[in-house]
Amino acid sequence: MTSGLLFALVGVALFALGLAGLVLIGDVLRRILAFNLMGSGAFLVLVGLAQRNGVPDAVPQAMVLTGIVVAVAATALALALARRLDAQREGALPEDEDG
Amino acid sequence: MKRLAVFCLACAFVVLTGGALIELGPAAIDLRGQVAAQLAASGVSHPVTAVLLNFRGYDTLLEVAVLLIALLAILAVTDKPPAAPVPAHPLLQAVARGATPAMILVAVYLLWAGAHRPGGAFQAGAVLAAAAVLLHLVGLLPGWGAPGLRLRLGLTAGFALFLALAAALLSQGALLQYPPAAAGTLILVIEAGLTVSLGLILAGLFLFLSRDEGGET
């Protein structure tokens, strides 16, 4: 087994961990984290599989770099939405009028 | 019960997918060879940079557009004014002040190094954004409110420059097909614009979000 294949297998485990978290956890912030874990697993599978015979491949690496940046943007957007959701839930209670 | 079912399904997924990965045969297409064969014509000598900005420049162009759209969406859902910065310990502020010029230098180096070794616009932009976030966390840089004209220009400059060059080069036959003689210079110009804009966008993802901090009390 090469280290690339090991990376891919760890990536599969991370993906499954994130997916289980996404299904089981109710809290929005932790679901965003679980979703990120899924993404990291997918990236690890892409990069690991491409270099499973020892030589790195530039194309999946470049695509994963693109994916990481998009994942950062998606996470920030998810956090903004979660924050807005939180503020609206607080606003729905009458005693939090000044919040 | 639900936990057990999800746990079993996740384990089954790992075993089945892992088994498939171990049994996977060699790839049907060899992109590595194609990249190596065309590397000399790409204008840079590092294969990842060549793929990002030359062979698959279209992906990178759209990626920057995605970042801008995410930032616009964040601006649309946050409406509270920026919170007053809370100054940190003077020692932390001094360290952040000292680290910022070094981080800008590292960003410029990463941008330049991207042509021939790991580095490039995204890494350089991330370092610039980290410097801005550091300054914000020690209370030297306030969170951003509604962006003014200069900030808007800075946020969009990289994408606009990339798009303008892509449009100007359409006469070459395909989108983002650079003339080989000028490819290196064009990639550096695009990457320089992207570094500034990506630094601002990534910093903005944090600094625009931090502006409704006061809403939690």
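Remember, predicted model here, so these are calculated numbers, not experimental data. (Residues numbered from 1 in each chain as written. Chains lettered and ligands numbered in written order. Predicted model: local features only at pLDDT ≥ 70, side-chain atom pairs only at ≥ 80, totals over all residues. Heavy atoms only, no water.)

Some words on the packing of helix α5 (residues 90–113) of chain B against helix α6 (residues 121–137) of chain B
All names here are of chain B.
So, step 1. It is the contact of α5 with α6, at a shortest axis distance of 8 Å, that shows an interaxial angle of 170°. When the axes of α5 and α6 are compared, the pair comes out roughly antiparallel. Only Ala121, Gln123, Ala124, Val127, Leu128, Ala130, Ala131, Leu134 and Leu135 of α6 make contact with α5, whose side of the interface consists of Ala96, Ala99, Thr100, Met103, Ile104, Val106, Ala107, Leu110 and Leu111.
So, step 2. A class-by-class count of the residues in the contact of α5 with α6 yields 16 nonpolar, two polar and no charged. (Axes fitted to C-alpha atoms, helices over the stretch in contact; angles between N-to-C directions. Helix = DSSP H or I, 4+ residues; strand = E, 2+ residues; numbered from the N terminus. Parallel < 35°, antiparallel > 145°, perpendicular 65-115°, else oblique. Contact = heavy atoms within 4.5 Å. Nonpolar A, V, L, I, M, F, W, Y, C, P; charged D, E, K, R; others polar.)

Comments concerning the confidence of the model for chain B
All names here are of chain B.
So, step 1. A residue-level look at chain B finds 95% of positions with pLDDT of 70 or above and a mean pLDDT of 86.
So, step 2. Taken element by element, the predicted model of chain B shows its lowest mean pLDDT in helix α2 (residues 31–38) (83) and its highest in α5 (93).
So, step 3. Long-range and interchain partners of residues 212–217, a stretch whose pLDDT sits below 50, account for eleven contacts in this model, where long-range means more than four residues apart. (pLDDT = per-residue confidence, 0-100.)

As for a positive patch on the surface
So, step 1. Where like charges cluster on the molecular surface, the positive patch consists of A:Arg30, A:Arg31, B:Lys2 and B:Arg3.
So, step 2. Going through the elements one at a time, α2 (28–50) of chain A together with α1 (2–23) of chain B are the ones with two or more residues in the positive patch.
So, step 3. Among the secondary structure elements, A:Arg31 is positioned in helix α2.
So, step 4. Taking the relative accessible area as the measure of exposure, A:Arg31 reaches 36% and is therefore partly exposed. (Patch = residues over 30% accessible without salt bridge, like charges linked within 9 Å, V, L, I, M, F, W, Y side chains within 5 Å. Areas by Shrake-Rupley, 256 points an atom, 1.4 Å probe, with all protein chains shown as cover. Salt bridge = Lys/Arg side-chain N within 4 Å of Asp/Glu carboxyl O. Lys, Arg positive; Asp, Glu negative; His and termini not counted. Charge placed at Lys NZ, Arg CZ, Asp CG, Glu CD. Buried < 20%, exposed > 50% of the residue type's maximum accessible area, 1.4 Å probe, protein only.)

Side note on the interface of chain A and chain B
You'll often see interface size given as the accessible area lost when the parts meet.
So, step 1. On the chain B side, the residues contacting the 38 residues of chain A number 45 residues.
So, step 2. Buried surface at the junction of chain A and chain B, both sides included, amounts to about 3400 Å², of which 74% is carbon and sulfur.
So, step 3. Counting the contacts that link chain A with chain B gives zero salt bridges.
So, step 4. Taken together, chain A and chain B are joined by five residue pairs in polar contact (both at pLDDT 80 or more).
So, step 5. Mapped onto the side of chain A that touches chain B, the elements with two or more residues apiece are α1 (3–24), α2 and α3 (58–92) of chain A.
So, step 6. For the side of chain A that touches chain B, the element with the most residues is α3(A), which contributes 20 residues.
So, step 7. When grouped by side-chain class, the residues that make up the side of chain A that touches chain B number 29 nonpolar, four polar and five charged. (Buried area = accessible area lost by both parts, 1.4 Å probe. Polar contact = N/O pair within 3.5 Å; in protein donor to acceptor, adjacent residues only side chain to side chain.)

Remarks on the packing of aromatic side chains
Residues and elements named next belong to chain B.
So, step 1. All told, the structure shown has two aromatic pairs over all chains when counted by the stated rule.
So, step 2. Centre to centre, the rings of tryptophan 144 and phenylalanine 208 are 5.4 Å apart; their planes meet at 70°, and the pair counts as edge-to-face. Here tryptophan 144 is found in the loop between α6 and α7 (149–168), whereas its partner phenylalanine 208 is found in the segment after α8 (183–207), with 64 residues between them in sequence. Here tryptophan 144 and phenylalanine 208 have matching classes, each one buried. (Phe/Tyr/Trp six-rings, centres within 6.5 Å; stacked < 30°, edge-to-face > 60°.)

Quick notes on empty space enclosed by the protein
So, step 1. Counted under the stated rule, the structure contains one cavity of 30 Å³ or more.
So, step 2. Estimated volume of the largest cavity: approximately 30 Å³.
So, step 3. What lines the largest cavity is simply A:Leu65, B:Thr49, B:Leu52, B:Leu53, B:Gly119, B:Gly120, B:Ala121, B:Phe122, B:Gln123 and B:Glu191.
So, step 4. Taken together, the elements giving at least two residues each to the lining of the largest cavity come down to α3 (47–55) and α6 of chain B.
So, step 5. Here the residues of the lining of the largest cavity sort into five nonpolar, four polar and one charged. (1 Å grid on protein atoms, 1.4 Å probe; cavity = no way out; pocket = protein on both sides within 12 Å on 5 of 7 lines; lining within 4 Å. Points joined across faces, edges and corners; volume = space filled by probe spheres on them.)

Thoughts on the side chain of B:Asn54
Residue and element names in this part refer to chain B.
So, step 1. On the secondary structure map, asparagine 54 appears in helix α3.
So, step 2. Asparagine 54 sits in the buried class, given a relative accessible area of 13%.
So, step 3. Setting aside residues up to four positions removed in sequence, asparagine 54 forms contacts with Ala41, Ser42, Thr49, Leu176, Tyr178, Ala183 and Ile187.

A few points about the layout of surface pockets
So, step 1. By volume, the largest pocket is sized at about 720 Å³.
So, step 2. Around the largest pocket sit 35 residues that line it, and A:Ala76, A:Leu79, B:Leu205, B:Phe206 and B:Leu209 are the ones nearest its centre.
So, step 3. Of all elements in the fold, only α2 and α3 of chain A together with α6 and α8 of chain B reach the threshold of two or more residues within the lining of the largest pocket.
So, step 4. It is α3(A) that provides the largest number of residues to the lining of the largest pocket, a total of eleven residues.
So, step 5. Partitioning the lining of the largest pocket into residue classes produces 23 nonpolar, six polar and six charged.

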